[in-house]
Number of protein chains: 4
Amino acid sequence: MLTVIRLGRDDAAVLVEGARQAAVDLGIPMSIAVTDESGHLIMFEQMDGAKVSSIATAIDKAFTGAAARKGTHIYNQLCVPGEPTFGIHNTNGGRFSVIGGGLPVVVDDQVVGGIGISSGTAGEDLEVAQAAVNHFMKFHADRG
Amino acid sequence: MLTVIRLGRDDAAVLVEGARQAAVDLGIPMSIAVTDESGHLIMFEQMDGAKVSSIATAIDKAFTGAAARKGTHIYNQLCVPGEPTFGIHNTNGGRFSVIGGGLPVVVDDQVVGGIGISSGTAGEDLEVAQAAVNHFMKFHADRG
Amino acid sequence: MLTVIRLGRDDAAVLVEGARQAAVDLGIPMSIAVTDESGHLIMFEQMDGAKVSSIATAIDKAFTGAAARKGTHIYNQLCVPGEPTFGIHNTNGGRFSVIGGGLPVVVDDQVVGGIGISSGTAGEDLEVAQAAVNHFMKFHADRG
Amino acid sequence: MLTVIRLGRDDAAVLVEGARQAAVDLGIPMSIAVTDESGHLIMFEQMDGAKVSSIATAIDKAFTGAAARKGTHIYNQLCVPGEPTFGIHNTNGGRFSVIGGGLPVVVDDQVVGGIGISSGTAGEDLEVAQAAVNHFMKFHADRG
């Protein structure tokens, strides 16, 4: 038997709070998705004004961050024609995101979930995702 | 009528065993999939710690190795924009993998199945897939 | 943070072994699938002679046993037109199985995975799935 | 290793010929599909005037006849709400047909392929599929 730690509801709420604050600071309403370590959605928030097409994208980014355990922006650089990992964006029923803004959430060297942000540029989405993770890590550290 | 030879359950187990050993040697837990010559899944094993996103990828690589009868790394080099084969990764409902780690299994010059490995880099995945095929060929030769 | 226990590779192998023995006793080659508690495939075996159409069905039954935490035969009786749960077979992209032969695997009152069996009648599939779970529980109890 | 016999191109042509003759006799232009024993399409003919929506249906019926090894009309009677096999029409990505007109093709007690007919009523489709199989079996017997 394996023992796994994963984000719970309250952890997800901290991540969403961190993402929302960063999105407000940036002035871009975002789609915000959080998954557990298996890639299943555990929290989602569509900020007023976020794009409809970003709902699915944010969920896919969070899935990829958790399930593939790397930032989606890293896969963006790997998924270039002629490079060995090209085509990975087609896997998992097309849900594997290679657009920046998806990150794994790591606690004690274990991936415990994923966060995905969408509605801005890939760079803005990544900035907000990273801010959410930083907010979560600080909260987590403060609680010991 | 056509007569076809294909991997059975025991053959698949030898391939999975060979892949597992190579993955352990490499220190990377892998998703391991084996299909028959028609591309249908006949055995799958998720090593403890392999990536969730690699489950579907390994199955697709094995499908492609069997069904297209080439290593998926070969298609990787063919599937480049501007080249005649670009777009093949979109075929078969997106299941056609162009990421290294999928190989046909060939006996007596006939493709009898496919193996697909995922969780490492494309190069590591190919290395483990090739080790599995070598293990199977040695086992097959030893049995006469 | 949540702590979760789930089936690992060796646990899945015990379930597959139990299923295979029961299938041999029954004289029906079966498709055998095991998922972790999140519904992700961790082991699959196609016994020689099992049906091609049972590959996906077994995987879906195991997914449902784990993810919905009930035997698929229970949903069969609930998924009748006019009853409140009718339509559940269409959910999760059609992967929610309401055909007997899928069971949750429960340890210490927690669902730790799912098993799905297909190729016989729904009753035969359930019989084999239950035998696999019994085999696993005995193995688990013996190990303390 | 397993040895399998399956329909080849010339066998499929005999099945299509038998189906076409029966369809002409019945006065209904039909979609005619033949798969190998793994459920993969090996021949298809759209008679002039056959329905567009029957192309996919005929292919799915042939897939089911081969892959599930029973006539699709038999599954029609099993796939009734409250019965244990209800829901099977949702499996295999919705490709599992429970509408009469799909049959396995059996030689020497082995399923070697499937045939699927569509554009008439389920009863007419089954009649044409059965005529095709009869034509094939007679042809096969004559050739010894």
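## What to know about the relation of the copies chain C and chain A
Two copies of one chain are present, and they are related through a rotation about an axis combined with an axial shift. For the match of chain C to chain A, the screw axis carries a shift of 0.1 Å, the RMSD comes to 0.1 Å, and the turn is 179 degrees. Here the copies are linked by what is in effect a two-fold axis. Distance from the rotation axis, computed per C-alpha, reaches its smallest value in chain C at Val4(C): 2.6 Å. Both copies contact each other with a shared surface, as 100% of the interface residues of chain C are interface residues in chain A too.

## Considerations on the environment of Thr91(C)
Residues and elements named next belong to chain C. Relative to the elements of secondary structure, Thr91 occurs in the loop between helix H3 (72-78) and strand S4 (102-107). The partly exposed category is assigned to Thr91, whose relative accessible area is 30%. Here Ile88 takes part through its backbone oxygen, which lies 2.7 Å from a polar atom of the side chain of Thr91. Polar contacts involving the side chain of Thr91 include one to the side chain of Asn92, which spans 3.2 Å.

## Points about the sheet that holds strand S5 (residues 110-118) of chain A
Residues and elements named next belong to chain A. Taken in spatial order, the 4 strands of this open sheet run S3-S2-S5-S4, and their pairing is antiparallel. What marks the edges here is a single partner per strand, and that holds for strand S3 (41-46) and strand S4 (102-107). Averaged over all pairs of adjacent strands, the angle between strand axes in this sheet comes to 15 degrees, irrespective of strand direction. Inspection of the sheet shows S4 paired to S5 by 6 bridges, in the antiparallel sense. The residue bridging Pro104 from the neighbouring strand is Gly114, located in S5. Across the sheet, helix H2 (residues 53-67) is in contact with strand S2 (31-36), S3, S4 and S5; its angle to S5 comes to roughly 160 degrees. Lying over the sheet, helix H4 (residues 122-142) contacts S4 and S5, oriented at roughly 15 degrees with respect to S4.

## Concerning the interface of chain C and chain D
Taken together, the contact between chain C and chain D spans 21 residues of the former and 20 residues of the latter. Counting each side, the surface lost to burial between chain C and chain D is near 1,500 Å², with a carbon and sulfur contribution of 53%. Summed over the shared surface of chain C and chain D, the number is 0 salt bridges. The tally of links from chain C across to chain D stands at 12 residue pairs in polar contact (both at pLDDT 80 or more). Of all the secondary-structure elements, those providing two or more residues to the side of chain C that touches chain D are helix H2 (53-67) and H3 of chain C. In terms of residue count, the dominant contributor to the side of chain C that touches chain D is H2(C) (3 residues). Of the residues contributing to the side of chain C that touches chain D, the split by class is 10 nonpolar, 9 polar and 2 charged.

## Regarding the relation of the copies chain C and chain D
When chain C is brought onto chain D, the operation consists of a screw motion whose angular component is 91 degrees and whose axial shift is 0.4 Å, with 0.1 Å RMSD remaining. Between the two chains, the operation in question is that of a four-fold axis.

## Points about the sheet that holds S4(C)
One open sheet holds the 8 strands; their spatial order is S4(B)-S5(B)-S2(B)-S3(B)-S3(C)-S2(C)-S5(C)-S4(C), and the pairing between them is antiparallel. The open sheet has two edge strands, strand S4 (102-107) of chain B together with S4 of chain C, and neither has a second partner. Each neighbouring strand pair of the sheet contributes to a mean axis angle of 20 degrees, computed without reference to strand direction. The sheet strands contacting helix H4 (residues 122-142) of chain B are S4 and strand S5 (110-118) of chain B, and the helix crosses S4(B) at an angle near 15 degrees. Contacting strand S3 (41-46) of chain B together with strand S2 (31-36), strand S3 (41-46), S4 and strand S5 (110-118) of chain C, H2(C) crosses the sheet at an angle of about 160 degrees to S5(C).

## Quick word on H2(C)
Residues and elements named next belong to chain C. Given a rise of 1.5 Å per residue, 15 residues ought to cover 21 Å, and the 22 Å separating the end C-alpha atoms of H2 matches this to within 8%. In terms of residue burial, H2 counts as a mostly covered element, since 13 of its 15 residues are buried. Looking at the residues trailing H2, positive phi occurs at Arg69, about 65 degrees.

The rules behind each value
- Residues numbered from 1 in each chain as written.
- Chains lettered and ligands numbered in written order.
- Predicted model: local features only at pLDDT ≥ 70, side-chain atom pairs only at ≥ 80, totals over all residues.
- Heavy atoms only, no water.
- Least-squares fit on C-alpha atoms with pLDDT ≥ 70 in both.
- Contact = heavy atoms within 4.5 Å.
- Helix = DSSP H or I, 4+ residues; strand = E, 2+ residues; numbered from the N terminus.
- Buried < 20%, exposed > 50% of the residue type's maximum accessible area, 1.4 Å probe, protein only.
- Polar contact = N/O pair within 3.5 Å; in protein donor to acceptor, adjacent residues only side chain to side chain.
- Pairing = 2+ DSSP bridges.
- Axes fitted to C-alpha atoms, helices over the stretch in contact; angles between N-to-C directions.
- Buried area = accessible area lost by both parts, 1.4 Å probe.
- Salt bridge = Lys/Arg side-chain N within 4 Å of Asp/Glu carboxyl O.
- Nonpolar A, V, L, I, M, F, W, Y, C, P; charged D, E, K, R; others polar.
- Expected span 1.5 Å × (residues − 1).

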